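Descriptive structure summary
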Amino acid sequence: MKKGPRSGACSLTTPGNLVESNPNSNSSNGASAKEKDVLSSSGELENVQLKPSRDASRKKLCGYLNKLGIKGPIKTWKSRWFFYDENKCNLLYYRTAQDINPLGSIDLSSASFDYKVENGEGVFEIRTPSRVFTLKAISNQAMMYWLQQLQMRRWEFCNAQSRFPVGSSQLVNEPLAGRAIGIDNEDFLPLVKTPTEAVGLKAASLPAPQISTALQNISLKHPWTEIQNTVYNICGSKQLWGSNGNVFTFSEFQEHHENPDEEQEAEVEAGRAVKEETLEDGRMDSRLNWVRKARWMNSGFPGLPEELSRERNPMDKVSVLQQQILTLTEEVKSQKELVKLLHKALEAAQQEKRVSSMYLTAAEDKDRLELVRHKVRQIADLSCRLEALEQEKKELEQILTLRDRHIQELKEHVQLLMEKNHAKQGVIMALTEQMAREQSDPLQEANTITVETLYKQQEEIEHLKDDIEAYKTQNQFLNSEIHQVTRLWTNVAENEKALLMKCACLQAQNCQMESKYLTVLRKLQEAVPGLPSSHAELVRNLIQEALQWDVKEKAEEGFNLNPVSEYDEYGFMTVPEYEVEDWKLLAKIQALEIKSNNLRSQEVVEKPLRDRWNSIGELSPSAELKSLIRSGIPVEHRQRVWGWIVSRHCGHQSDHYQRLLQQSKSTEHPACRQIELDLPRTLTNNKHFSSPTSQLIPKLRRVLLAFSWHNPAIGYCQGLNRLAAVALLVLEDEESAFWCLVHIVENLMPADYYSDTLITSQVDQRVFRDFLSEKLPRLMAHFEHYRIDVSLITFNWFLVVFVDSLVSDILLRVWDAFLYEGTKVIFRYALAIFKYNEEEILRIHDSVEIYQYLRFFTRMIMDGRKLMNIAFNDLNPFPMKLLKNRRSMHREELEAELCELEQIKAAYVKERAEQGPQNLKEVVSEEEEEI
């Protein structure tokens, strides 16, 4: 595992001289390849190029921090060396700066940062989705530097990921180096100066923070990593002596040093790069001994050459050496503790090995059996000892509990004595002050008390000011963190939205291509009789293959934005079932068109419309609400809006519906038989009504029976079952569905619309023909030329408000506007349907084919938005006053015609009555004539 991204590109000209190479290298991958080639091909230590960073002048983020380790109830601070990996946006942590393998890492790309004043000086938190890391810096300044730098690195990494694709040269050539985060943080918190004594590559040469015990700083969770690091450090120290026995001295590093700071950073980075290559190759390369020597000198004796050269006073040199001795002594103690643990594990393994060897070398089965018995006896003995120890443990725990109770009692007694002593001291102090006041000047005493009080208040004010400054700093940092996290989240959301829209467009295009392909197959299907046999067979195979495509198939990646299921939210079939074999391909085309339209309108239309509906609180009549309802009510709001519309026009009478149900149970209504006949024929394309055992069938029966008793003038009319069924699907509650049916029949529709004569329904058909002649004159002339009676098709549209005529999504949008505005909506949509298919109808020049096309052409309308625009925009103006006048005029004409028919009927009956009954004996039957 790599310790972090490599530092600046450096080359070695002589073993004792490190110089900086070209910092404008463009690719880290190229540098890595060059390094491997040089190391593998040359035995010399010249021109060794290390991995460059994105910016040679960019300082590495590393340093010592204390990490809070939690093991059950035990919480301890452990010193760790932290290093930021720019390639992966990970914060790696090691036990010391000289370790090769990290103990763990923190993913900063999805992390947030926090610190609280009450947690103590320098304590901050890194919160990842899976864990919270608590860290502690040596000072508040170091803590703020770490937090600001981590924020900056996280921002750069996330922006680089979102702006440039993987492998893009811009990611390397255009470092973002705080370009945006610096501007953002200036508004919240100024940048903190770098604490060079605690952060950076120089901190690697300083001794690690001291821990109370040597073993406390060892990570028990990662024993194998600790062993690897220990072995690596031991091997590195042994290799200080080469094959000729010469020791690598300090003078070799100090011959040509022009810039000690740059050299020290280069040495540490060189050691880190060598450790990375060693980990990747799995072996120690002898050609890099000079780097290991330099690393060992820095790790074993941190800062020794520099300190010795800089300090001229012998006493200072001695103190530095003593500090180094203490550091090495602590390190030896920790290594000894680790060696003891390893010795114990080794002894247990050797004992197990000896027993296994004796078992394998035993000559006879008796010897092996004896060994097994001996092992069983040992196990039994160990079990007995374990039970005895457990019993002893329980006894000791009981004794400990008793002692704890005794100690608690003693503590309470001591506390009581201390309180008594404190009370006595208070009395003594009070008496002493009283005596002093009696003996001293009252004015001087008052001044003394005032000065003391002011001094205490001044101290409290200073403490409060410090707290205020701390909380201001905390507030500024948290504001910057919230601002940056919000921006990151916004960027991610925008990218996700763009990807979703792109995916939706691609899926919509795919559906359109499939639909066009199926349309071509359908045209070929119609031309099959005129094709050669081989071509006809090929067309049939292609059609059969196309019909076997699963409409619900998911994308290959397992991701589908808007799949077309077999049923929609209200249980309507999304793909119609045609009994005619030739129309099955048509059903497939319809399913693909539905999916394509849904995908195209999902993000562009549906989401903004849903957001507008979510922003509406209490409903009230307005032009905006009317516009929203015309655009279609989302599924999650439709039940609420329908209920509000019905309640505005129909004041619910308490218990009225229940009384009607009781009446229908006690007395059978004359329409009961007709209702039972119509129930199985209601919405056969909906799964909630397709089966006689469906749960909504009994509810529909009760709603229709209650209405028949509620309105005896109508009772029941065929078509009411479909209206009530749609109301049940949306409103779900049967009483609400009953009042919705009442609202449609008694408020929205004109009188006598569902009477025995259906006189108003016939009037609307005449009105519709007038509008059709005015709005679509070419189409009406076409119908008249071929003697097409449009009312044969449209009469049912008006009677049941397009139920069983339009696809469910468009049907419910029509109902949304119809419930709010009334029957004018039916005229608008009826005209829009003919306008939508006008060109197709005009291309048909046979009356039989026109009737066949009109039977199913409404099911071919898939673009609800286009139909809505035609109905409410292209057909304007459409005044309600004109509709009322036309209805009055045609009603008078129809009533006059009915009156004339009644007169003719009465005259005919009178004439028959005057002729008297015919003599049936004079009438000869057909059988008698044949005889």
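It should be noted that the structure appears before, not after, this text.
Bear in mind that the values here come from a model prediction, so they are computed numbers and not experimental data. (Residues numbered from 1 in each chain as written. Predicted model: local features only at pLDDT ≥ 70, side-chain atom pairs only at ≥ 80, totals over all residues. Heavy atoms only, no water.)

1. Here we look at the pairing of strand S4 (residues 74-85)
Short version of the rule: Think of it this way: DSSP has to see at least two bridges between two strands before they count as a pair. Working definition: helices are DSSP H or I runs of at least four residues, strands are E runs of at least two. Numbering for both runs from the N terminus.
Here S4 pairs with strand S5 (residues 90-94) via five bridges, running antiparallel. Bridge assignment links tyrosine 84 to a residue of S5, and that residue is leucine 91. Adjacent in sequence and paired antiparallel, S4 and S5 are bridged by four residues, among which cysteine 89 carries a positive phi angle near 55 degrees.

2. Re the packing of helix H21 (residues 759-775) against helix H22 (residues 777-785)
Inclusion rule: Only the stretch in contact is used when fitting a helix axis, every axis being a line fitted to C-alpha atoms; angles between N-to-C directions are given from 0 to 180 degrees. Comment on the angle field: the value is read as roughly parallel under 35 degrees, roughly antiparallel over 145, roughly perpendicular from 65 to 115, and oblique elsewhere. For this analysis, residues touch if any pair of their heavy atoms sits within 4.5 Å. Residues are grouped as follows: Ala, Val, Leu, Ile, Met, Phe, Trp, Tyr, Cys and Pro are nonpolar; Asp, Glu, Lys and Arg are charged; all remaining types, including Gly, are polar.
Interaxial distance between H21 and H22 falls to 5 Å at its minimum, and their mutual angle equals 120 degrees. The orientation of H21 with respect to H22, classified from their angle, is oblique. Of the residues in H22, those touching H21 at Arg769, Leu772, Ser773, Glu774 and Lys775 are Pro777, Met780 and Phe783. Tallied by class, residues from the contact of H21 with H22 come to four nonpolar, one polar and three charged.

3. Side note on the nonpolar core
The criterion, for reference: As used here, the term nonpolar core means buried Ala, Val, Leu, Ile, Met, Phe, Trp, Tyr and Cys residues forming a set that is joined through side-chain atoms within 4.5 Å. We call a residue buried when its accessible area falls under 20% of the maximum for its residue type, exposed when it is over 50%, and partly exposed in between, using a 1.4 Å probe and counting protein chains only.
The biggest cluster of nonpolar side chains holds 118 residues, and the ones touching the most others in it are Leu720, Tyr754, Phe783, Phe802, Phe834 and Leu854. Here this core gets 10 residues from one element, more than from any other, and that element is helix H19 (residues 720-731).

4. What about the packing of helix H25 (residues 824-836) against helix H28 (residues 864-874)?
Stated formally: In this scheme, a crossing is called left-handed if the near helix is turned counterclockwise away from the far one by less than a right angle; it is called right-handed if the turn is clockwise.
With their axes 8 Å apart at the nearest point, H25 and H28 run at an angle of 120 degrees to one another. The orientation of H25 relative to H28 falls into the category oblique. In this structure, H25 meets H28 at a crossing whose hand is right-handed. Counted together, Val825, Arg828, Tyr829, Ala832, Ile833, Lys835 and Tyr836 of H25 and Lys866, Leu867, Met868, Ile870, Ala871 and Phe872 of H28 form the full contact between these two elements.

5. Looking at a positive patch on the surface
Basically, it comes down to this: Every patch collects residues that have over 30% relative accessible area and no salt bridge, joining them within 9 Å if they carry like charges and within 5 Å if they are nonpolar side chains (Val, Leu, Ile, Met, Phe, Trp, Tyr). For the area figures, the Shrake-Rupley method with a 1.4 Å probe applies, and any residue is considered shielded solely by the protein chains shown. The rule for a salt bridge is simple: a side-chain nitrogen of Lys or Arg has to be within 4 Å of a carboxyl oxygen of Asp or Glu. We score Asp and Glu as negative and Lys and Arg as positive, and we do not count His or the chain ends. The atom standing in for a charge is NZ when the residue is Lys, CZ when it is Arg, CG when it is Asp and CD when it is Glu.
Together, Lys333, Lys336, Lys340 and Lys344 make up a region of like positive charge exposed at the surface. Mapped onto the elements, lysine 333 comes out in helix H9 (residues 314-361).

6. So, the packing of aromatic side chains
What counts here: Pairing of aromatic rings covers Phe, Tyr and the six-membered ring of Trp, with a centre-to-centre limit of 6.5 Å; geometry is then stacked below 30 degrees between planes, edge-to-face above 60, and tilted otherwise. Criterion for a charge above a ring: Lys NZ or Arg CZ within 6 Å of the ring centre, and within 35 degrees of the ring normal.
Enumeration over the complete set of coordinates arrives at 22 aromatic pairs. Aromatic side chains phenylalanine 834 and phenylalanine 857 sit 5.7 Å apart centroid to centroid with 40 degrees between the ring planes, which places their arrangement in the tilted category. Taken as a pair, phenylalanine 834 in helix H25 and phenylalanine 857 in the loop between helix H27 (847-856) and H28 lie far apart in primary sequence, 23 residues in all. Accessibility expressed as a relative area gives 0% for phenylalanine 834, which makes it buried. For the pair tyrosine 853 and phenylalanine 856, a centre-to-centre distance of 5.8 Å together with 70 degrees between the ring planes defines the contact as edge-to-face. Placement of both tyrosine 853 and phenylalanine 856 in helix H27 is noted, with a separation of three residues, approximately one turn of the helix. Neither tyrosine 853 nor phenylalanine 856 differs from the other in exposure class; each is buried. One aromatic cluster in this structure is built from Phe768, Phe771, Phe783, Trp797, Phe798, Phe802, Phe827, Phe834, Tyr853, Phe856, Phe857 and Phe878. Stacked on the ring of tryptophan 77, the Lys or Arg lysine 136 has its end atom at 5.6 Å from the ring centre. The ring of tyrosine 836 carries lysine 866 above its face, with NZ or CZ at 4.6 Å from the centroid.

These results come straight from atomic positions and should not be treated as a statement about function.
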